[in-house]
Amino acid sequence: MRSLRSVLEEAQKKGVAVGHFNIGDFVLLKAVFESARELEVPVIVGASEGERKFLGVRQIGAMVQSLREEFNFPIFLNADHTHSLASAIDAAKAGFDAIVFDLSALPFEENVRQTRAAVEELKSINPDILIEGEIGDIGTGSEIHDVAPDLSKGLTSPQEAKQYIDSTGVDVLAPAVGNMHGMLQSMVQGTTKKRLDLARISQIKSATNVLLTLHGASGTDDEDLRSAIDAGINIVHINTELRVAWRRGLEEGLAKHPQEVVPYKILPAAIEAVKQVATSRLKLFNKVK
Ligand SMILES: [Zn+2]
């Protein structure tokens, strides 16, 4: 099986990005996996600390590994937004392919110091694991927000990005470039879209020349996403859009079968709803017509 690094490097050469989707339950995992298999494109599934606590770190590790082995398919597992070394170590030991080590809430120097130490420790557990570091402010919570936070002061500068990469040794950088976790109600309805600072992405890419992840991409303008990938984004995170689809699909499944108690008869509606979102996002990221 190919490594995540080689999959990302190939995506970079082809000018496409690998989709990253958070999975908080088996419905989401099944839907994302089916979408990726039908399109024959590699995919990353992510579990945040909250999602890992719910699913079990070793259990989600074993589930993704079993899909990869049984279907000989490039599905990879990322420990999304990991805020402590202890929880990063748990994920590394459970066979995760990548870890987002997120100390972006700390002052820059402290973020650098602790991230550098974490890179060393985690690579001693698995030399092939990819560590992603984060600087800047893109808000928290992949959910529906009432008001947009002001993230304009937390944008990542190319100089800061270069300094961070040189001094931490992370493999992947998650910059703040106009992206934001979660969505506003107007974005769920589709009346407004997130817009990205495309020039900043290009500048950060040329300053660092590392793999770049775009977090919080739910509700982003399609054309901006295409241009962001052209400017050097290699991984795109979608979470809130899937969660919205999951809830709608589940409600639909329950409404369609008011007397039903068999989960596998109710849940296909949720899987279908999530698949529609995952498939359309994967097509866009992979430039599939
Ligand atoms: Zn994120």
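Just so it is clear, the model here is predicted, and its values are computed rather than measured. (Residues numbered from 1 in each chain as written. Predicted model: local features only at pLDDT ≥ 70, side-chain atom pairs only at ≥ 80, totals over all residues. Heavy atoms only, no water.)

Undergrad: A description of the overall build of the protein should follow, citing residues and the corresponding values.
TA: Along its length, the protein carries 13 helices and 10 strands. At 18 Å, the protein has a C-alpha radius of gyration in line with the 19 Å of a compact globule built from 289 residues. With respect to the principal axes defined by its C-alpha atoms, the protein has extents near 60 × 40 × 35 Å. Here the protein holds 289 residues, and the buried ones make up 55% of them. Contacts in the protein between residues far apart in sequence, at least 24 positions, make up 74% of those at least 6 positions apart. Summed over its atoms, the accessible surface of the protein is roughly 13,200 Å², and 52% of this surface lies on carbon and sulfur atoms. Side chains of the protein carry 32 positive and 39 negative charges; the gap between the two charge centres is 3 Å. (Helix = DSSP H or I, 4+ residues; strand = E, 2+ residues; numbered from the N terminus. Rg over C-alpha atoms; globule rule 2.2 N^0.38 Å. Buried < 20%, exposed > 50% of the residue type's maximum accessible area, 1.4 Å probe, protein only. Contact = heavy atoms within 4.5 Å. Areas by Shrake-Rupley, 256 points an atom, 1.4 Å probe, with all protein chains shown as cover. Lys, Arg positive; Asp, Glu negative; His and termini not counted. Charge placed at Lys NZ, Arg CZ, Asp CG, Glu CD.)

Undergrad: Explain the coordination of the zinc ion to me, and be specific about the residues and the numbers.
TA: Every protein donor of the zinc ion is listed here as His81 (NE2), His181 (NE2) and His215 (ND1), and their distances to the metal cover 2.0 to 2.1 Å. Counting the intervening residues between successive donors of the zinc ion yields the motif H-x99-H-x33-H. One end of the pair, His181, is in the loop between strand E7 (172-174) and strand E8 (183-184); the other, His215, is in the loop between strand E9 (211-214) and helix H10 (222-230), with 34 residues separating them in the sequence. The class for His181 is buried, based on a relative accessible area of 8%. Take His215: its relative accessible area is 1%, and that puts it in the buried class. (Donors = N, O, S within 2.8 Å, 3.2 Å for Na, K, Ca; no water.)

Undergrad: Describe the environment of Ala228, and please don't skip the residues or the numbers.
TA: Its location among the elements puts Ala228 in helix H10. Spatially, the C-alpha atoms of Ala228 and Phe101 are 23 Å apart, while their sequence positions differ by 127 residues.

Undergrad: Could you give an account of the pattern of salt bridges, naming the residues involved and the relevant values?
TA: Taken as a whole and assessed by the stated rule, the structure comprises 20 salt bridges. The closest approach of N and O atoms between Lys275 and Glu38, which form a salt bridge, is 2.7 Å. Separated by 237 residues along the polypeptide, Lys275 in helix H13 (residues 268-285) and Glu38 in helix H2 (residues 26-39) bring together distant segments of the chain. On the basis of relative accessible area, Glu38 is assigned to the exposed category, the value being 56%. Between Arg247 and Glu251 there is a salt bridge, with the nearest N and O atoms lying 2.9 Å from each other. Residue Arg247 and its partner Glu251 are both found in helix H11 (residues 240-256); the two are separated by 4 residues, about one turn of the helix. Shared partners join several salt bridges into a network, and the residues in it are Lys30, Glu34, Glu38 and Lys275. (Salt bridge = Lys/Arg side-chain N within 4 Å of Asp/Glu carboxyl O.)

Undergrad: Account for the pairing of strand E10 (residues 233-238), with residues named and values stated.
TA: Of all 6 residues making up E10, 6 are buried, and the element is well covered by its neighbours. As paired strands, strand E1 (residues 18-22) and E10 are joined by 4 bridges and run parallel to one another. What sits directly across from Phe21, in E10, is Ile238. For E9 and E10, the ladder comprises 3 bridges, and the chain directions are parallel. Along E10, the bridge assignment pairs Thr213 with Ile235. For the crossover from E9 across H10 to E10, the handedness is right-handed. (Pairing = 2+ DSSP bridges. Right-handed = clockwise from strand over helix to strand, strands pointing away.)

Undergrad: Describe the packing of aromatic side chains, and please don't skip the residues or the numbers.
TA: One pass over the full model with this rule turns up 3 aromatic pairs. With 5.6 Å between their ring centres and 90° between their planes, Phe33 and Phe73 make a pair best called edge-to-face. With a gap of 40 residues between them, Phe33 in helix H2 and Phe73 in the loop between helix H4 (57-71) and strand E3 (75-82) connect regions that are remote in the sequence. Residue Phe73 is classed as buried on the basis of its relative accessible area of 9%. Joined through ring pairs, the aromatic side chains of Phe33, Phe71 and Phe73 make up one cluster. (Phe/Tyr/Trp six-rings, centres within 6.5 Å; stacked < 30°, edge-to-face > 60°.)

Undergrad: Talk me through the pairing of strand E2 (residues 43-47); I want residue IDs and the actual numbers.
TA: Each regular strand carries side chains that alternate between the two faces of the sheet. Burial runs high along E2: 5 of the 5 residues are buried. Here E2 shows no split at all, with Val43, Val45 and Ala47 on one side and Ile44 and Gly46 on the other all buried. Relative to E2, E1 runs parallel, the two sharing 4 bridges. Of the residues in E2, the one forming a bridge with His20 is Ile44. Pairing analysis gives 5 bridges linking E2 to E3, with the strands arranged parallel. Looking at E3, one finds that Val45 is bridged to Leu77.

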